[in-house]
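Structural overview for review
For reference, the chains in residue letters:
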Amino acid sequence: MAVVGAGPAGFFAADALLKARDLVCSIDMFDSLPTPYGLVREGVAPDHPSIKKVTAKFDRVAAEPNVRFFGNVTVGRDLDRADLGRHYDHVVYAFGAQSDRRLGIPGEDLQGSHPATEFVAWYNGHPDFADWEFDLSHERAVVVGNGNVAVDVARILVTDPDVLATTDIADHALEALRRSRVREVVMLGRRGPAQCKFTSVELKELGRLHGVDVRLNAMDLDLDDASAAEAKRSRVATRNLEILRELTRRPASDADRGLVLRFLASPMEILGSDGRVTGVRVERNRLVETPSGYIQSEGTGEIEELPAGLVLRSVGYRGVPIPGVPFDDEHHVIPNVRGRVTDGPGGQTRPGEYAAGWIKRGPTGIIGTNKPDAVETVEAMLEDAAAGENMEPSDPGPESIPELLESRGVRFVTFDDWRKLDEAERAAGEAQGRPRVKVVRIERMLDIMGR
Ligand code: NAP
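Sequence positions are assigned chain by chain, starting from 1 and proceeding in written order. Where local features are concerned, this predicted model is filtered to residues with pLDDT of at least 70; where side-chain atom pairs are given and counted, the filter is 80 or more; whole-chain, interface and lining totals use all residues. Each side-chain value is derived from all of the structure's non-hydrogen atoms; neither hydrogens nor water enter the calculation.

**Structural notes on the domain arrangement of the protein**
- Boundaries of every domain are those given by an automatic assignment or by a domain database. Under the domain assignment used here, the protein contains domain 1 (2–98 + 317–412) and domain 2 (102–313).
- Using C-alpha coordinates to define each centre, domain 1 is positioned 33 Å away from domain 2.
- Contact between two residues is taken to exist if any of their heavy atoms lie within 4.5 Å; hydrogens are not considered. Domain 1 puts eleven residues into the contact, and the matching count from domain 2 is 17 residues.
- When the two sides are added together, the surface that domain 1 and domain 2 hide from each other amounts to roughly 1200 Å², 55% of it contributed by carbon and sulfur.
- Criterion for a salt bridge: a side-chain nitrogen of Lys or Arg within 4 Å of a carboxyl oxygen of Asp or Glu. Where domain 1 packs against domain 2, one counts two salt bridges.
- Residues Asp-168 and Lys-52 are paired through a salt bridge, measuring 3.1 Å at the closest nitrogen-oxygen approach.
- For the purposes of these results, a polar contact is taken to be a pair of N or O atoms within 3.5 Å, where, inside protein, one atom must be able to donate a hydrogen and its partner to accept one; residues adjacent in sequence count only when each atom of the pair is a side-chain atom. Counting across the interface, domain 1 meets domain 2 through eight residue pairs in polar contact (both at pLDDT 80 or more). Joining two parts hides part of their accessible area as seen by a 1.4 Å probe, and the buried area is that hidden amount summed over both.

Next comes the structure, spelled out in structure tokens:
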């Protein structure tokens, strides 16, 4: 079996395969980075170490004798779909959502306007983003979106750098945040407080940030009837509203950093001068219920301009295709039925090809959501394996893949190599009272790994 992507979806799929009764298999996991764990390393916020503990489980999977890790191998470049078909019975695509959704408004590409996903990758030390620069020289930053990623980036922008200095945040990001002049972060939600997507634990955490005043307009919490009914049906929305109400009751503080939660506010245009962001033109929205019961936002024509030097667009991740693998351009996922890849939406299944995680279902859910998702995919694989359905590889020998990679000059790394880097990062962290100091250059990683 090949698993493309060594993030949560890939590891949960490998784990489910290992646990399958009556299945004898060997699993090769590929990742384009020399490091495993995908978004657990590159996405989870540095100040959320407990979420990263799931890597202990992934390490146990990787330690199984029939599991191999091939890091620094990009499927679609170093290996293609035809190679996988030649060497494996089954393949699980679990490569996540590598890009971001766009707002589709003027000014989106001005300097100083970035997808939040890039900011996340930057502060988490993703090698491709180590040289990114974010303009933190202005007092106000705007974060568009009301999901957990928006909460993460807003929190990192206002958190005391001395607190961040105890985490595994990338050194380049810590240095830049120490110099940051951002004092106010405004989060714009296009719908109301009953429709925000962030989870209650994350929202509550905002209210606990030291030296940060969280502000919102209490009037925004007066819900229309449809929103009140919707909130009543959702435990998360009910809890979020309680937390927001509690925040409005707090006395004003003299904190020197502020986080402003704005609802019913959509960016119409990102404003700029000389190619750089100077602000956001924002329209006030109202909520309307569609015939299907969905509560959507609608512009009122009431416009204001919000000066800002940085805009982070946090409106969702977006999957991107890899050559030779079917792709649904509308939903940005691999078309599939319960994980079985089809040759297009509603098309025929492709024997031996499967999808798991965000590239299967879209960029939703927390890390744990990937477990049942991967189990569903593996159930389909096991049914097909029992029925003899596979890619009918002509050369399934275990040595064929390392030989092929070597013949192509690919400097792939193994899990033992990763362990060397892991130890080096932890040792550097220990000296500074941090969980690890991340190495962010691929060449340096390969050096430490002896590759
Ligand atoms: P998300 O939860 O889907 O949130 C996207 C946000 O963008 C929503 O508020 C959405 O509003 C808004 N939006 C979309 N299009 C917009 C537009 N054109 N204009 C204005 N706003 C727009 O996505 P995410 O925050 O990227 O998170 C991805 C997944 O990772 C989520 O499942 C999240 O829970 C998870 N995650 C979890 C954690 C954690 O557990 N700590 C941390 C980070 C991420 P509408 O609702 O109106 O569409």
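**Points about the packing of helix α1 (residues 8–19) against helix α3 (residues 55–63)**
- Taken N-terminus to C-terminus, the directions of α1 and α3 make an angle of 55°; their axes are 10 Å apart at the nearest point. One way to sum up the angle between α1 and α3 is to call them oblique. In this structure, α1 meets α3 at a crossing whose hand is left-handed. From α1, Pro-8, Phe-11, Phe-12, Ala-14, Asp-15, Leu-18 and Lys-19 reach across to α3, where they touch Lys-57, Phe-58, Val-61 and Ala-62.
- Each residue is assigned to one of three groups, with Ala, Val, Leu, Ile, Met, Phe, Trp, Tyr, Cys and Pro labelled nonpolar, Asp, Glu, Lys and Arg labelled charged, and all others, Gly among them, labelled polar. Of the residues assigned to the contact of α1 with α3, the class counts are eight nonpolar, no polar and three charged. Where helices are involved, their axes are fitted lines through C-alpha atoms of the stretch in contact, as for all axes, and angles between N-to-C directions lie from 0 to 180°. Strands are runs of DSSP state E lasting at least 2 residues, helices are runs of H or I lasting at least 4, and numbering of each runs from the N terminus. Put simply, angles under 35 degrees are roughly parallel, angles over 145 are roughly antiparallel, angles from 65 to 115 are roughly perpendicular, and the rest are oblique. For any pair of crossing helices, the crossing counts as left-handed if the nearer helix is rotated counterclockwise from the farther one by less than a right angle, and right-handed if it is rotated clockwise.

**A short note on the sheet that holds strand β2 (residues 27–31)**
- With respect to topology, seven strands assemble into an open sheet ordered β3-β2-β1-β4-β18-β17-β16, the strand pairing being mixed. In the strand order of this sheet, the two ends are held by β3 (67–71) and β16 (336–337), each with one partner.
- One bridge is not enough; two strands pair if DSSP finds at least two bridges between them. The sheet contact formed by strand β4 (residues 91–93) and strand β18 (residues 349–355) spans three bridges and is parallel. Along β18, the bridge assignment pairs Val-91 with Glu-353.

**Things to note about the nonpolar core**
- Only buried residues count toward a nonpolar core. Its members are Ala, Val, Leu, Ile, Met, Phe, Trp, Tyr and Cys residues joined through side-chain atoms within 4.5 Å. Here's how the labels work: a residue is buried when its accessible area is under 20% of the maximum for its type, exposed when over 50%, partly exposed in between, all with a 1.4 Å probe on protein chains only. Ranked by internal contacts, the top residues of the largest apolar core, which has 56 residues, are Phe-119, Tyr-123, Leu-157, Val-185, Leu-261 and Leu-312.
- For this core, the element with the highest residue contribution is helix α6 (residues 148–158), accounting for seven residues.
- Per-domain counts for this core show at least three residues from each of domain 1 (2–98 + 317–412) and domain 2 (102–313).
- Discounting chain neighbours no more than four positions away, the residues touching Tyr-123 are Ala-45, Pro-46, Asp-152, Val-153, Ile-156, Ile-169, Ala-170 and Ala-173.
- Counting 39 residues, the second-largest nonpolar core is a separate cluster that includes Val-3, Ala-62, Phe-69 and Met-449.

**Details of helix α11 (residues 235–248)**
- The span expected for a helix works out to 1.5 Å for each residue beyond the first. Taking 1.5 Å of rise per residue, 14 residues should cover 20 Å, and α11 covers 20 Å from first to last C-alpha, within 8% of that figure.
- Regarding α11, the residues found buried are Ala-237, Asn-240, Leu-241, Ile-243, Leu-244 and Leu-247. Projected onto a plane normal to the axis of α11, the buried residues spread over an arc of 165° and lie on a single side.
- Tucked inside the fold, the buried residues of α11 contact α9 (200–207), β9 (212–216), α10 (225–233) and β10 (257–262). By arc we mean the arc of the directions from the helix axis to the C-beta atoms, nothing more.

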